[in-house]
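The primary structure of each chain is shown beneath.
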Amino acid sequence: MKMYDAIVVGARCAGASTAMLLARQGHSVLLVDRSTFPSDIPHGHFIHHGGTGVLQRWGLLDDVIATGAPPITTMSTEWHGVRLTGENVAVNGVPLGIAPRRTALDALLVDAAVDAGAELRTSFTVEDFITDGNDRVTGITGHERGSTRPVSEQARMTIGADGRYSGLARFVDALAGNACPTLTCFYFSYWSGIPDQGIRVVDLGDKAIFVAPTNDRLHMVFVTWPIDQAPSVRADIEGRFMSAIDESPDLAGIIRNGRREEPFRGAVDLPNFMRTPQGDGWALVGDAGCHKDPYMALGCGDAFRDAELLADAIHRGLSGEQPLSDALAEYERRRNEATLADYRQNLHMAQFRGLPPEQRALRAAIQGDAEAIRDMYLALELLTPPERFFNPDNLQKLLSGGPASWTLVPKPSRQPRFAPGSGIHGKRRLKSPRPAA
Ligand SMILES: Cc1cc2nc3c(=O)[nH]c(=O)nc-3n(C[C@H](O)[C@H](O)[C@H](O)COP(=O)(O)OP(=O)(O)OC[C@H]3O[C@@H](n4cnc5c(N)ncnc54)[C@H](O)[C@@H]3O)c2cc1C
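Everything numeric in this text was worked out from a predicted model, so none of it was measured.

Regarding the site of the ligand
Link 1 in the chain: Around the ligand there are 31 residues in total, and Arg12, Asp33, Arg102, Asp287 and Cys300 lie nearest to it.
Link 2 in the chain: One nitrogen or oxygen atom from the side chain of Arg12 is found 2.9 Å from an oxygen atom belonging to the ligand.
Link 3 in the chain: Burial of the ligand by the protein amounts to 93% of the accessible area it has alone, namely 1,000 Å².
Link 4 in the chain: Where the shell around the ligand is concerned, the elements lending two or more residues are strand S8 (124-131) and helix H9 (299-318).
Link 5 in the chain: Considering each element in turn, the shell around the ligand owes the most residues, three residues, to S8.
Link 6 in the chain: When grouped by side-chain class, the residues that make up the shell around the ligand number 16 nonpolar, nine polar and six charged.
Link 7 in the chain: When residues of the shell around the ligand are sorted by domain, at least three fall in each of domain 1 (3-45 + 101-178 + 272-349) and domain 2 (184-267).

Brief notes about unusual backbone geometry
Link 1 in the chain: A cis amide bond links Phe37 to the next residue, Pro38, at an omega of 5°.
Link 2 in the chain: Structurally, the position occupied by Pro38 is in the loop between strand S2 (29-32) and helix H2 (51-57).
Link 3 in the chain: Even without being a glycine, His49 presents a positive backbone phi close to 55°.
Link 4 in the chain: Tracing the backbone shows His49 in the loop between S2 and H2.
Link 5 in the chain: The phi angle at Ser123 is positive, at roughly 55°, despite the residue not being glycine.

Brief notes about the pairing of strand S10 (residues 151-160)
Link 1 in the chain: By the criterion of burial, S10 is predominantly enclosed, with nine of the ten residues buried.
Link 2 in the chain: Pairing of strand S1 (residues 3-9) with S10 involves six bridges; the strand directions are parallel. Pairing of Ile7 across the sheet is with Thr158, part of S10.
Link 3 in the chain: Inspection of the sheet shows strand S9 (residues 137-144) paired to S10 by four bridges, in the antiparallel sense. Across the sheet, the residue bridging to Gly142 is Val151, located in S10.
Link 4 in the chain: In sequence, S9 turns back onto S10 through a hairpin of six residues, with Gly146 there showing a positive phi of about 85°.
Link 5 in the chain: Pairing of S10 with strand S20 (residues 282-284) involves three bridges; the strand directions are parallel. Bridge pairing in S20 links Gly160 to Leu284.

Quick notes on the rules
Residues numbered from 1 in each chain as written. Predicted model: local features only at pLDDT ≥ 70, side-chain atom pairs only at ≥ 80, totals over all residues. Heavy atoms only, no water. Near = heavy atom within 4 Å. Polar contact = N/O pair within 3.5 Å; in protein donor to acceptor, adjacent residues only side chain to side chain. Areas by Shrake-Rupley, 256 points an atom, 1.4 Å probe, with all protein chains shown as cover. Helix = DSSP H or I, 4+ residues; strand = E, 2+ residues; numbered from the N terminus. Nonpolar A, V, L, I, M, F, W, Y, C, P; charged D, E, K, R; others polar. Domains from an automatic or database assignment. Buried < 20%, exposed > 50% of the residue type's maximum accessible area, 1.4 Å probe, protein only. Pairing = 2+ DSSP bridges.

Written out as structure tokens, the structure reads:
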């Protein structure tokens with residue numbers, strides 16, 4: 001049986017990216033997915049917070065724009081009635097965001113992986129994982145659509161990029177830390193006839209609205225509510241959706257003048273967790289490794305970032321530059337470091353706790369100051385080093401002498417209702433070690 005360097009299960013933003021990066025470094029990669037491409041999934045797709053910069057570094061940003069997803073350089077956010085609009089939030093041609101439909105984005109990433117040399121197998125469902133008889137994962141077993149014949153494949157690394165219900169995470173019983181149950185539900189659809197105003201976020205205190213331009217001259221419109229409202233929202237999705245929009249008269253004027261082009265879709269199962277993303281012969285990336293509420297729209301950008309961290313680690317390990325186990329441990333450390341502050345902030349926002357007082361004060365202070373608003377968004381979107389804006393001198397200047405202790409990106413003022421770590425359970429050995437097929 002052929003021994004691949006890596007088998008990647010799941011070929012969307014985490015898996016296709018990881019496969020592409022490994023193949024670009026000369027590794028033999030098998031990329032499998034039970035879906036075919038292009039295909040949609042009921043997930044959002046506003047990529048920001050560093051994600052556009054990563055796409056540009058990979059040489060794919062122009063291709064994504066060419067699918068018809070407009071670069072987003074205007075950002076408007078509204079909390080507690082204060083609306084801040086930043087224009088021209090872009091650096092060296094990299095826009096703060098872009099919101100390509102998943103049909104376009106995932107297919108483009110899959111093509112990039114294949115162009116780089118990865119072997120692609122779609123309509124292939126992974127049913128189980130194989131081991132060396134001990135704890136080391138050595139490959140997959142699955143079947144092609146329409147066939148019951150089991151197919152096994154072996155690799156030095158097996159990577160789960162198979163989303164939040166990851167079969168690989170289940171198989172290795174990956175530790176899930178910082179866990180918090182679902183906090184929100186999301187419903188969304190697509191509208192035509194809406195003028196492009198960039199990304200708009202309107203938090204109404206007990207619900208929030210997100211609007212952004214996407215492919216085909218459409219706008220995605222998302223509304224989120226606390227999860228306890230899911231049954232009543234589900235009972236009258238359109239009514240509740242439109243009455244949420246009506247709470248923002250300005251947005252209502254725009255959206256009610258447009259036309260909804262697609263049915264509503266939604267999600268009510270959005271748990272928050274950070275799994276241990278690596279072990280002997282295996283790794284997790286994207287939602288499989290860390291799933292978070294979509295409130296701050298971090299999923300795709302984080303998946304790109306972690307795909308880079310993981311592919312680098314595996315390359316160092318497989319090329320002999322560093323013991324593989326050390327390289328994977330470094331992947332875990334770097335992923336956690338890069339994730340944790342945003343993860344916590346996201347939990348805070350998804351509980352509709354409003355902005356912490358220092359952020360409210362800052363937003364009130366810079367209202368009407370176009371340059372400061374742009375600089376703040378550039379920093380928050382990682383287009384400039386955050387400390388360039390969030391440093392004591394600048395904050396004091398903007399706040400006319402506010403507390404000097406306000407330093408870098410503000411942290412949530414209160415801990416989430418569900419204490420971090422509440423979902424931790426001990427790491428156990430593989431559930432059912434199996435010999436290699
Ligand atoms: C309602 C909602 C709104 C969101 N909004 C945003 C947003 O605006 N911006 C943002 O950045 N993120 C958003 N997210 C999160 C984002 O969609 C995810 O973070 C992202 O899709 C994760 O990508 P992934 O590649 O890790 O997993 P997925 O996109 O879930 O892909 C997993 C793939 O694995 C395949 N797979 C799974 N099991 C198997 C198996 N056994 N065999 C073969 N294949 C398998 C699946 O077919 C699938 O193609 C949102 C999510 C939701 C639910």
